[in-house]
Amino acid sequence: MQGAEAGHQTEAEQQSTTTQQAKTTCPYCGVGCGLTATVEAGTLCAVEGDREHPANYGRLCVKGSALHETLGQHDRLTQTRVDGVDVSWEEALAATAQRLNTLRKQHGNHTVAGYLSGQLLTEDYYVANKLFKGFLGTPHLDTNSRLCMASAVAGYKRAFGADAVPCNYEDLEEAELVVLVGSNLAWNHPVLYQRIKIAKERNPLMRLVVIDPRVTDSCEIADLYLGIKPGSDAYLFNGLLAWMAKRRKLDTLYLERHTEGFEEALMAAQQTAGSVAEVAAACDIDPERLETFYYWFASQLHVVTLYSQGVNQSSSGTDKCNAIINCHLAGGKIGLPGAGPFSITGQPNAMGGREVGGLANQLAAHMDYHTPGALDLVSRFWTTDSLTPSLPDSPGYKAVELFEAIERGEVTALWVMATNPAISLPDAAKVRAALEKCPLVIVSECAAHTDLLPYADIVLPASGWSEKDGTVTNSERCISRQRGMLPPPGEARHDWWIICEVAKRLGFAEAFNYSHPWEIFDEHARLSGFENGLNSNLKNILESTLQNTLQNTADSASPRRLFDISGLIGLGREGYDALAPIQWPVTAQAPNGTARLFENGEFATPNGRAKLLAIHPQGPEQMLSTAYPLRLNTGRIRDQWHTMTRTARAPRLMNHRAEPFIEVHPDDALTTGVKDQELATLSAMSGEFRARVRVTNAQRRGEVFVPIHWTDCFTKQARSSALIAGIIDPFSGQPESKHGAVALAPLPAAWQATLLVADGLVNDEADGGAEPWRVSDYWTRIPMRGCQRWQLANTQQVEDWLLRLEEWLPVPASLWSQDLSSGRLRAAAVEHGKVRWWLMVGPPSELPGLAWLEARFNEAALSATHRRRLLAGCDDGAVDTGSVVCSCHQVGQTTIIHAIREGDISVEALGARLACGTQCGSCIPELKSLIEEERPNARAKQTSNPEVA
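Residues numbered from 1 in each chain as written. Predicted model: local features only at pLDDT ≥ 70, side-chain atom pairs only at ≥ 80, totals over all residues. Heavy atoms only, no water.

K.L.:
I'd like a rundown of the environment of K63, residues and numbers included.
P.N.:
Structurally, K63 can be placed in helix α2 (residues 62-65). A residue is classified by how much of its surface remains accessible, and K63, at 4% relative accessible area, is buried. Counting along the chain gives 578 residues from K63 to W641, while the straight-line C-alpha distance between them is 8.3 Å. When neighbours within four sequence positions are excluded, K63 is seen to be in contact with Y28, W187, R638, D639, Q640, W641, T647 and L653. Within the structure, K63 has its side chain in polar contact with the backbone oxygen of R638 (distance 2.8 Å). (Helix = DSSP H or I, 4+ residues; strand = E, 2+ residues; numbered from the N terminus. Buried < 20%, exposed > 50% of the residue type's maximum accessible area, 1.4 Å probe, protein only. Contact = heavy atoms within 4.5 Å. Polar contact = N/O pair within 3.5 Å; in protein donor to acceptor, adjacent residues only side chain to side chain.)

This is how it looks when you write it as structure tokens:
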């Protein structure tokens, strides 16, 4: 088939028996860490941090360091399917094009939609945006970046005139004050956290303030913590602006020369947050601590405010972002080293997607539908000899609105790429109902098992990290190469190739005739510079390459767009392959990129001035009530990423938090009757959530926290999105995912059990059946090496466990020990000398350390000694290491506590003895907490002195 090789392999993907190394970029968070990957005999066997990459300089978090452990063909989607039947690529592509065309003819272009992901590469994003908006003529193309960064984007555009992050990572190290707002940097962007930590050690005068409803690990190095009431951020920063004005801490010269709207913004701030006492009451914090923060912020010029989902995921997230930006503009704390409002991105290429126009309210190359002349400019640029684009003239539906339109029947065809809206969108039951109703659902995916695939009519297997070849842009506007090193498995193909092949069959071949990602990147760069404040040299370059499309338009006809990578035009294949990390804008005037924006005080607005906005704080729209009295917060945890389709493939990443959980304050636990490490249910108007309780003083009273990662592939009922209503910010369309309203109650369990099952013994993903995870009121699947661990619980008693085990499992018990009086049971099955399953009926607190049992599942034959100890689950005299604290070196809590009691009462001493905390550093806050808890039990460390002896 024409183009098949281009979609399946690049030159760098050819397998080799030699050892090769390649520099690439991490596929997890928006830090965009550089990696050096080692490939031996066609296997990517190791990764380490790229010491030359400006994002991380060799540092990696535990997720990044375990990337090579997540690879392999198991659980990969490798076959095209149409209506549940395996078909060839030609059949799948033909069916996709034919069905899309049929629905367009029946209902119009606007009936077609796409939903993309920050996991896609920029080249994938570019051709998707070009196909949907340019040639299918539908505005309904949005991305899951809507769920995490849309409010930050809207805030920047309202203030600066462009979606432009003004700062870079070095600013975090050069600042005199760093303010973390709604960001658990230690867990969610740990490499940046480590950079700040090292900077504080080098500069004792540097301060860090953490503003967050929860006491997180980021507080470990904080000089001040403000545990504000959820949703009160705008009051806090309005109060700061009013305080700065009252104390004459404004940069009046900067305001006069470079901004507008200050008087209106200040009036709103004074009306809503005019005094420290008023703000302290609205935020529920101590007024003295609040004023300390105000004084620190106002007194320092070099201030970086780093904000993330805790600010963005709100029904008034855009206003909160602008409240922060207002304070930086009012103090002139922007465009300087160590200064600026810094939105930290959640996904590896959320910014790249925004660059090409991946949001429904964008057109292309940072142009919006309302940008003067943009529709004509983009149409002329995409015009070919025989094809003219049919661009829509207004924005499309944003993510939540899009699925509401599907439910209403307005959108009848949806193509989803590299994301899982059945899990991630709020009010998940409503989203699933819309997917069920949609006449055509196309899914491009690399994982074989996701919650979305059952709704797909057409399934297109896509390549994944280590196979894909292209670029990503991180949170500091740094474009980096993600390089393909391995061939995609089976029939998997690259996303850009899939999109282009469908486009060809839709009749748009001339506009999508690419043979390599560098050609797409080159077109992307040319569009960024097309009629963009052209100088004569650049105009000559463009005229020579775009003779059919360039018009005799004066330089002054189009205002200059800030996003411009025209300096990267004409790299060619060799230059593209060798491209080093570089920050945009990249132009003839800035060929080495641009580290910091707005240094001259000129912004991307029509008059060149930044705009302060009048902010009127709004509380959460999901209201608390007698029925739902607790405020729900949701978020990520340290060792997991999104819906765990990648991280769960590395068993050691499952050990830090093995089960979904509910964090609750001790007072609320007492009131609701839930107990630490027992099971509980959260209920909301839209659904339920079942998980294990973690009682902690780090949680505010009246509030609970749950993680976002667990899906129906890993647990029965622990999807956080089921608890969140589909309420969105009116400017950004971002959902209010941090402010649910829930009730908490115990989940009564007649029994709890832990079951380990050898890989391949049962079909974990099969529907129906009598397996225990199908009939339990609670179950969670935890991948281990060579087996799957299941935590089970049920409200109904089991009368005869051995009989029930025969119903559940295909291999009968070989060994068992039962105490009828307590209801305890341990049993195991050994077949042909291999352990097939192991069961303990009893609470998880009675479990032995599972490392010994995990090793038995990976033995070719069980020894007589190990068989005798099988029910015990450990060697005679073995010490349980406890729950894992350090994922890098698999060091457990019990082992750490023992070392502390032996006298190792510093992080350095623990690292020297156990290696914990010596690699990525993410566990150091937990180590310090354990040291403080156990210090009274520590004995003095004995030292020997040969001279005294």
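Read on for the rest.
K.L.:
Any details on the pattern of salt bridges? Residues and values, ideally.
P.N.:
In this structure the tally under the stated criterion is 51 salt bridges. The salt bridge partner of R380 is E531, with a shortest N-O separation of 2.8 Å. Taken together, the residues span a long stretch of sequence, with R380 in helix α17 (residues 374-382) and E531 in the loop between α22 (517-529) and α23 (536-545) at a distance of 151 residues. An identical accessibility class is assigned to R380 and E531; each is buried. Where salt bridges share partners, they join E90, E501, K504 and R505 into one cluster. (Salt bridge = Lys/Arg side-chain N within 4 Å of Asp/Glu carboxyl O.)

K.L.:
How would you summarise the nonpolar core if you had to cite specific residues and measurements?
P.N.:
The nonpolar side chains of soluble globular proteins are, as a tendency, buried together. With 148 residues, the main nonpolar core has F160, I211, L236, F237, F293 and L682 as its most contacted residues. Element by element, the count of residues in this core is highest for helix α9 (residues 233-246), at 8 residues. Within the second largest apolar cluster, 57 residues are counted, among which are V87, L116, L141 and A374. (Core = buried A, V, L, I, M, F, W, Y, C linked by side-chain atoms within 4.5 Å.)

K.L.:
Break down the packing of helix α5 (residues 150-160) against helix α15 (residues 317-330) for me, with residues and values.
P.N.:
In a pair of packed helices, the angle between the axes and the distance between the axes together describe the arrangement. Closest axis-to-axis distance for the α5/α15 pair is 8 Å, and the angle between their directions is 45°. Viewed along their axes, α5 and α15 adopt a mutual orientation that is oblique. Remark: the crossing between α5 and α15 carries right-handed chirality. Where α5 approaches α15, its residues S151, A152, A154, G155, Y156, R158, A159 and F160 are matched on the opposing element by G317, T318, D319, C321, N322, I325 and L329. A breakdown of the residues in the contact of α5 with α15 according to their chemical character gives 8 nonpolar, 5 polar and 2 charged. (Axes fitted to C-alpha atoms, helices over the stretch in contact; angles between N-to-C directions. Parallel < 35°, antiparallel > 145°, perpendicular 65-115°, else oblique. Left-handed = near helix turned anticlockwise from the far one by under 90°. Nonpolar A, V, L, I, M, F, W, Y, C, P; charged D, E, K, R; others polar.)

K.L.:
If you had to explain the sheet that holds strand β28 (residues 740-746) to someone new, which residues and values would you point to?
P.N.:
Reading around the circumference, β23-β27-β24-β26-β25-β28 is the order of the 6 strands in this closed barrel, with mixed pairing throughout. The sheet shows a mean angle of 45° between the axes of neighbouring strands, direction not considered. Of the pairings in the sheet, the one linking strand β23 (residues 630-635) to strand β27 (residues 703-707) comprises 5 bridges and is parallel in character. Among the inter-strand pairings, L632 is bridged to a residue of β27, identified as V704. (Pairing = 2+ DSSP bridges.)

K.L.:
Explain unusual backbone geometry residue by residue, including any values.
P.N.:
Between W584 and P585 the backbone carries a cis peptide bond, its omega angle lying at 0°. Here the phi dihedral of E531 falls at roughly 50°; this positive angle occurs in a residue that is not glycine. Phi angles above zero are rare outside glycine, and Q677 is one such case at about 70°. In this fold, Q677 is placed in the loop between α25 (666-672) and β25 (679-684). In this structure Q677 comes out as partly exposed when scored by relative accessible area, which is 38%.

K.L.:
So what's going on with the environment of P925? Which residues, and what values?
P.N.:
When you line up the elements, P925 lands in helix α32 (residues 924-934). Sequence separation between P925 and C167 is 758 residues; the distance between their C-alpha atoms is 27 Å. When sequence neighbours within four positions are dropped, the list of residues in contact with P925 reads Y193, D217 and E220.

K.L.:
Which residues make up the pairing of strand β30 (residues 778-784), and what values go with them?
P.N.:
Buried residues dominate β30, accounting for 7 of its 7 residues. A two-sided burial pattern is seen for β30, the buried positions comprising Y778, T780, I782 and M784 on one face and W779, R781 and P783 on the other. Pairing of β30 with strand β31 (residues 787-794) involves 7 bridges; the strand directions are antiparallel. Within β31, the position partnered with R781 by the bridge is W790. Hairpin connection, β30 to β31: the antiparallel pair is bridged by 2 residues, and G786 has positive phi, about 90°.

K.L.:
Give a detailed account of the sheet that holds strand β20 (residues 478-482), specifying residues and quantitative values.
P.N.:
Sheet architecture is open: 3 strands sit in the order β19-β20-β21, paired in antiparallel fashion. Either end of the sheet is taken by a strand with one partner, and the two such strands are β19 (470-473) and β21 (582-583). As defined by bridge partners, β19 adjoins β20 across 4 bridges and the pair is classed as antiparallel. Of the residues in β20, the one forming a bridge with T471 is R481.

K.L.:
Tell me about the pairing of strand β24 (residues 661-664), and name the residues and values.
P.N.:
Every second residue of β24 is oriented toward a common face, with F661 and E663 on one face and I662 and V664 on the other, all of them buried. The sheet contact formed by β24 and strand β26 (residues 687-695) spans 4 bridges and is parallel. Residue I662 lies in a different strand from β26, and its bridge partner there is V693. Direction of pairing for β24 relative to β27: antiparallel, over a ladder of 2 bridges. In the sheet register, E663 faces β27, and the bridge partner there is F705.

From the geometry alone we can't say anything about function, so treat these as descriptive.
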